[in-house]
Structures are given as C-alpha cells and as structure tokens.
Amino acid sequence: MVKRVVTLKDGYDSNAYFCVDDETKHGFLFDCGAEGKRLSDIMDKEGYVIEKIIITHGHFDHIGGIAQLRENKKIPVYIHEAGKLFLSDPKYNLSIYTGSEQISISADGYFKDGDLIETEEKELCFRVINTPGHTDDSCVFYNEKDGYAITGDTIFKGTYGNTRFPTGDYHTLMSSIKEKILTLPDNTVLYSGHTLASTVGEERKMYNV
Ligand SMILES: [Zn+2]
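Before going into details, it helps to say that this report is about the structure given with it.

So, how was this worked out
- Residues numbered from 1 in each chain as written.
- Predicted model: local features only at pLDDT ≥ 70, side-chain atom pairs only at ≥ 80, totals over all residues.
- Helix = DSSP H or I, 4+ residues; strand = E, 2+ residues; numbered from the N terminus.
- Rg over C-alpha atoms; globule rule 2.2 N^0.38 Å.
- Buried ≥ 20, exposed ≤ 12 C-beta atoms within 10 Å, placed from the backbone.
- Contact = placed C-beta atoms within 7 Å.
- Core = buried A, V, L, I, M, F, W, Y, C linked by C-beta atoms within 7 Å.
- Expected span 1.5 Å × (residues − 1).
- Arc of directions from axis to C-beta.
- Pairing = 2+ DSSP bridges.
- Axes fitted to C-alpha atoms, helices over the stretch in contact; angles between N-to-C directions.

Scanning the protein chain from N- to C-terminus turns up seven helices and 14 strands. In summary, the protein chain has a C-alpha radius of gyration of 16 Å against a globular reference of 17 Å for 209 residues, a match within 12%. With the C-alpha coordinates aligned to their principal axes, the bounding extent of the protein chain is approximately 45 × 40 × 30 Å. Within the protein chain, the fraction of its 209 residues that count as buried is 43%. Across the protein chain, the fraction of contacts at a sequence separation of at least 24, relative to all contacts at a separation of at least 6, is 58%.

Right, here's the structure in full:
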C-alpha cells in the first residue's frame, strides 16, 4: 500500500509516501520534507518497519525533516549519487533562501540509474530511473509489480517540475518525462512530490507523445 502524508514547514507543503507491504508492514519512506517527528510517530502508530528512507531529490522541501527523524529512528537515508552535493550545500538544496535553518547533511548510501531497491524479504521492489531536468539528482522509483511510481518533482498531476534552480534544464526535463516516464504502462499511477496522484495515460495527453 501507498500512504501519502502531506508535511508542512514554513508555508511549504510536500508529500511524503510510506510504501509498505500490506502483510509484513516492511517498506520504505519516500521523501521527508518536514515534520520528521510526525512521520516517526506514524511509523510507530501504524507498525511500519521502514527499512530505508529514499529521497527523490535533494531540495529542502524533500529533505528538511531528515534531521528530526534521525533523532527518533535509525533508518538509513539514500539518494542518487548526484544528490551528495544537494544534501550538503544550502545553495543547491535551496535552504539558504528559505529564511529557516540551513540544511547540510549527508546520506548513508547512494544509488544510480537502473538500480533495484528491494526490501530485505523482497516484498517490494523499485527500479531507479534517473530523470534529470528539475535537478540532476532527480529520480523516479518504479514499482512494476504494483503498477505505480514515486515521481518527486519531475512530473505532477497536470504539470511538471520547474527548471530554474541549480542544474535545472527544460529540454532535459522534457526528455526525461517523454522518454522515461510516459513510456511506462498507461495505467501506472504517478505519486508526485506536491500534487494528488495521476496516471501515465492521463499525463500523456499534455505531451506530444
Ligand atoms: Zn524540487
């Protein structure tokens, strides 16, 4: 199952997703933008055994809750290898512009395009698809068996991520969307970083593909 949690900080909201196996409750947390304590409390209340925190890209509104979550739980954090710079540099993760505390953290592990991220007992499996354009480190995580993908800020319901921040590029983003996301099956559900869910078939109408 996929549970969406909208986290709020300083007027910014972002989606965090718990993806867990219905029976064993083992799974992953995708993104942790704010309210790390609340996300930790949800794990306790629901009995989720979160094996990894997986970050879609290193912007402040997707990583801002990690420090607080780490105070409560020891769960390793993973990001694309290009995300190292974003986690550590407030100019790249944009926290320098928020007026709040600047973020400079590190991950516990890194992945690259094409990697498979599985739970220990293999209940869940996600393929890493690097989708640069919003940022170099942006990734989509595709669960083929259950027919959905976590898309971060690459594609939203009815729109797409902006390209005006460091390493952003419009043409690269369009290529990522058209070649790597809209080539997934039409009924694939897309869970984005900021909007309600959509599907590949629904989003395809916006693009000439
Ligand atoms: Zn972003």
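In this section: the nonpolar core. Leu29, Phe30, Cys32, Ile53, Val140 and Phe141 are the most contacted members of the largest nonpolar core, which has 44 residues in total. Per-element tally for this core: the top contributor is strand β2 (residues 12-20), with five residues. Once you skip the residues sitting within four places of it in the chain, Cys32 turns out to touch Ala16, Leu39, Ile53, Ile63, Gly65, Ile66 and Leu69.

We note that Glu35 has phi near 55°; this positive angle belongs to a residue other than glycine. With respect to the helices and strands, Glu35 occurs in the loop between β3 (26-30) and α1 (36-46). You can call Glu35 buried: it has 21 C-beta atoms within 10 Å. One non-glycine residue with positive phi stands out, namely Leu94, at about 75°. According to the C-beta neighbour criterion, Leu94 is partly exposed, with 19 such atoms within 10 Å.

A rise of 1.5 Å per residue sets the reference length of helix α6 (residues 170-181), with its 12 residues, at 16 Å; its end C-alpha atoms lie 15 Å apart and thus fit the reference within 8%. What α6 keeps buried is the set Leu173, Ser176, Ile177, Lys180 and Ile181. Projected down its long axis, α6 carries its buried residues within an arc of 110°, all on one side. With respect to the buried face of α6, the exposed residues turned more than 90 degrees away are His171 and Glu179.

The next point concerns the sheet that holds strand β4 (residues 49-54). In spatial order, the strands read β1-β2-β3-β4-β5-β6; together these six strands make up an open sheet with mixed pairing. In this open sheet, the two strands that pair with only one neighbour each are β1 (2-9) and β6 (109-111). Each strand of the sheet is rotated relative to its neighbour by a mean of 30°, with strand direction disregarded. Where β2 and β3 come together, four bridges link them in antiparallel fashion. In the strand pairing of β3, Phe18 is matched with Leu29.

Turning next to the pairing of strand β13 (residues 189-192). Here strand β10 (residues 148-152) runs beside β13; their pairing, made up of four bridges, is parallel. Within the sheet, the bridge partner assigned to Ile150 lies in β13 and is Tyr191. For β13 and strand β14 (residues 198-199), the ladder comprises two bridges, and the chain directions are antiparallel. Considered in β14, the bridge of Leu190 is made with Ser198. Between β13 and the antiparallel strand that follows it, β14, lie five residues.

So, about the environment of Asp186. Within the fold, Asp186 resides in the loop between α6 and β13. In contact with Asp186, not counting residues within four places along its chain, are Thr199, Val200 and Gly201.

The strand order β7-β8-β9-β10-β13-β14 describes an open sheet built from six strands, whose pairing is mixed. Because the sheet does not close on itself, it has two edges, and the strands there are β7 (116-118) and β14.

Let us now look at the environment of Lys91. Structurally, Lys91 can be placed in helix α5 (residues 90-93). In the structure, Lys91 is positioned 117 residues away from Asn208 in sequence and 34 Å away in space, judged by C-alpha atoms. Apart from the residues lying within four places of it in its own chain, the contact partners of Lys91 are Ile96 and Pro166.

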